[in-house]
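A structural walkthrough
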Amino acid sequence: MAERRVTVDGQTYTLKAPFLVIATQNPIDHEGTFPLPEAQLDRFLIRLALGYPGPEEESKMLQRLQRGHPIDELSPVISGAEVVACQDAIREVFVDDKVRRYLLEIVHKTREHEDVHLGGSPRASIALFRTAQAFAAISGRNYVLPDDVKRMVLPVLGHRLILRPESRLRKVSPASVLGEILPDVAVPILASQQAEAEGLLA
């Protein structure tokens, strides 16, 4: 993934931007498959758990599949150049020093937690930083709030934490570890929030 190249039949192809890798994992059927090494897991920006669809969503799925597959009718909604432009714009979203320190404290606490064998890497810090910027942007803001960081903690850090074997035996999960860490990190108050609060009190 980091090389942004793929080799097929001995021929190596360089992949143009935007470059994206999406992988799926079936938690039931593990025969013939192996867990990814920590270094490879760390290269995935986020992990999402979809779960089962609700009855209404599943009913719509059946309706859409009745006469064909919806994927056959898909058409582009944005060009590659526009995706790259969006990625560049995300980098301009403002991150206050207090928010940056808040983010780093969360990541550092994953490295110190008693149930964690391997905590968040510097790559995890970068991923949390970038996804917080992106979440702020899609929320219509050009600045990151601590809540943006908190919202992205589990998707970004959950698959990166390697727990101690004895902790796994006690059914400790990355989600529960992160749930313990977040309340222990003081949430910063930004100047804009403080001014708004003082305005409401006045």
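The preceding data block contains the structure.
Just so you know, these numbers come straight off a predicted model, no measurement behind them.

1. A short note on the overall build of the protein
When you go through the protein residue by residue, the secondary structure sums to nine helices and four strands. A buried classification covers 25% of the 202 residues belonging to the protein. Long-range pairs, those at least 24 residues apart, make up 70% of the contacts in the protein with a sequence separation of at least 6. Surface exposure of the protein reaches about 15000 Å², of which carbon and sulfur atoms provide 56%.

2. Section: helix 5 (residues 122-138)
Between its first and last C-alpha, helix 5 extends 25 Å over 17 residues, near the 24 Å set by a 1.5 Å rise per residue. Along helix 5, the residues that are buried comprise A124, S125, A127, L128, T131, A132, Q133 and A136. Packing partners of the buried residues in helix 5 comprise helix 3 (80-90), helix 4 (97-112) and helix 6 (146-157). The backbone nitrogen of R123 lies 3.2 Å from a side-chain oxygen of the residue at the head of helix 5, namely S121. Directly beyond the C-terminal end of helix 5, a positive phi value near 90° is found at G140.

3. Some words on the nonpolar core
Grouped together as the largest cluster of nonpolar side chains are 28 residues, with contacts concentrated most on I106, L128, V144, V149, V153, L157 and V177. When residues no more than four places from it in sequence are discounted, the contact partners of V177 are H113, D115, V116, L161, L163 and V172.

4. Some thoughts on unusual backbone geometry
The peptide bond linking A17 to P18 adopts the cis configuration, its omega dihedral lying at 0°. Mapped onto the secondary structure, P18 falls in the loop between strand 2 (11-14) and helix 1 (38-41). Although it is not a glycine, D9 adopts a positive phi angle of roughly 50°. Here D9 is to be found in the loop between strand 1 (5-8) and strand 2. We classify D9 as exposed; its relative accessible area is 81%. The backbone phi angle of K171 is positive, close to 65°, even though this residue is not glycine.

5. Some details on the pairing of strand 1
Residues in a regular strand project their side chains so that they alternate between the two faces of the sheet. Two strands pair when backbone bridges link them, and strand 1 and strand 2 are joined in this way by four bridges, in the antiparallel orientation. Pairing of T7 across the sheet is with T12, part of strand 2. In this antiparallel pair of consecutive strands, strand 1 and strand 2, the connection spans two residues, and D9 shows a positive phi of 50°.

Rules of the game
Residues numbered from 1 in each chain as written. Predicted model: local features only at pLDDT ≥ 70, side-chain atom pairs only at ≥ 80, totals over all residues. Heavy atoms only, no water. Helix = DSSP H or I, 4+ residues; strand = E, 2+ residues; numbered from the N terminus. Buried < 20%, exposed > 50% of the residue type's maximum accessible area, 1.4 Å probe, protein only. Contact = heavy atoms within 4.5 Å. Areas by Shrake-Rupley, 256 points an atom, 1.4 Å probe, with all protein chains shown as cover. Expected span 1.5 Å × (residues − 1). Polar contact = N/O pair within 3.5 Å; in protein donor to acceptor, adjacent residues only side chain to side chain. Core = buried A, V, L, I, M, F, W, Y, C linked by side-chain atoms within 4.5 Å. Pairing = 2+ DSSP bridges.

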